[in-house]
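Now for the letters of each chain:
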Amino acid sequence: MSLDARIESLRTKHAQLDSALEMEKRRPQPDAKAIADMKRQKLRIKDEIQRITMH
């Protein structure tokens, strides 16, 4: 996988997590653990994108 493809893949996954996170927040009784997990995953992806683009 090329570097550009990897970055695009990570951005897509980040956007999907963002959508899932917003949907979870709108539920009548949001799952706090699921929200925290999604936020952690988004942060890991963001950090990896930054790491890749800095080199």
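Counting secondary structure elements, the chain contains two helices and zero strands. Since a compact globule built from 55 residues should have a radius of gyration of about 10 Å, the 13 Å found for the chain marks it as more spread out than a globular shape. The principal-axis extent of the C-alpha atoms belonging to the chain is close to 40 × 15 × 15 Å. Burial analysis of the chain (55 residues in total) assigns 20% to the buried set. In the form shown here, the chain has an accessible surface area of approximately 4400 Å², with 53% of it arising from carbon and sulfur atoms. Charge-centre separation for the chain: the mean point of 13 positive side chains lies 3 Å from the mean point of 9 negative side chains.

Let's shift gears to the nonpolar core. With nine residues, the main nonpolar core is built from I7, L10, L17, L21, I35, M38, I45, I49 and I52. The set of elements that each furnish at least two residues to this core consists of α1 (3-26) and α2 (32-54). Here L21 is in contact with I35, M38, K39 and K42, once residues within four sequence places are set aside.

Another point: the environment of I52. The topology assignment puts I52 in helix α2. According to the relative accessible area criterion, I52 is buried, its value standing at 10%. When the C-alpha atoms of I52 and R6 are compared, they prove to be 9.1 Å apart, with 46 residues separating the residues in sequence. Residues contacting I52, with those up to four places away along its chain left out, are L3, R6, I7 and L10.

All right, on to the pattern of salt bridges then. Overall, the coordinates contain seven salt bridges when judged by the stated rule. Among the salt bridges present, the one from E22 reaches K25, with a minimum N-O distance of 3.8 Å. Pair noted here: E22 and K25 are both in helix α1, with a separation of three residues, about one helical turn.

Each value, and the rule that gives it
- Residues numbered from 1 in each chain as written.
- Predicted model: local features only at pLDDT ≥ 70, side-chain atom pairs only at ≥ 80, totals over all residues.
- Heavy atoms only, no water.
- Helix = DSSP H or I, 4+ residues; strand = E, 2+ residues; numbered from the N terminus.
- Rg over C-alpha atoms; globule rule 2.2 N^0.38 Å.
- Buried < 20%, exposed > 50% of the residue type's maximum accessible area, 1.4 Å probe, protein only.
- Areas by Shrake-Rupley, 256 points an atom, 1.4 Å probe, with all protein chains shown as cover.
- Lys, Arg positive; Asp, Glu negative; His and termini not counted.
- Charge placed at Lys NZ, Arg CZ, Asp CG, Glu CD.
- Core = buried A, V, L, I, M, F, W, Y, C linked by side-chain atoms within 4.5 Å.
- Contact = heavy atoms within 4.5 Å.
- Salt bridge = Lys/Arg side-chain N within 4 Å of Asp/Glu carboxyl O.

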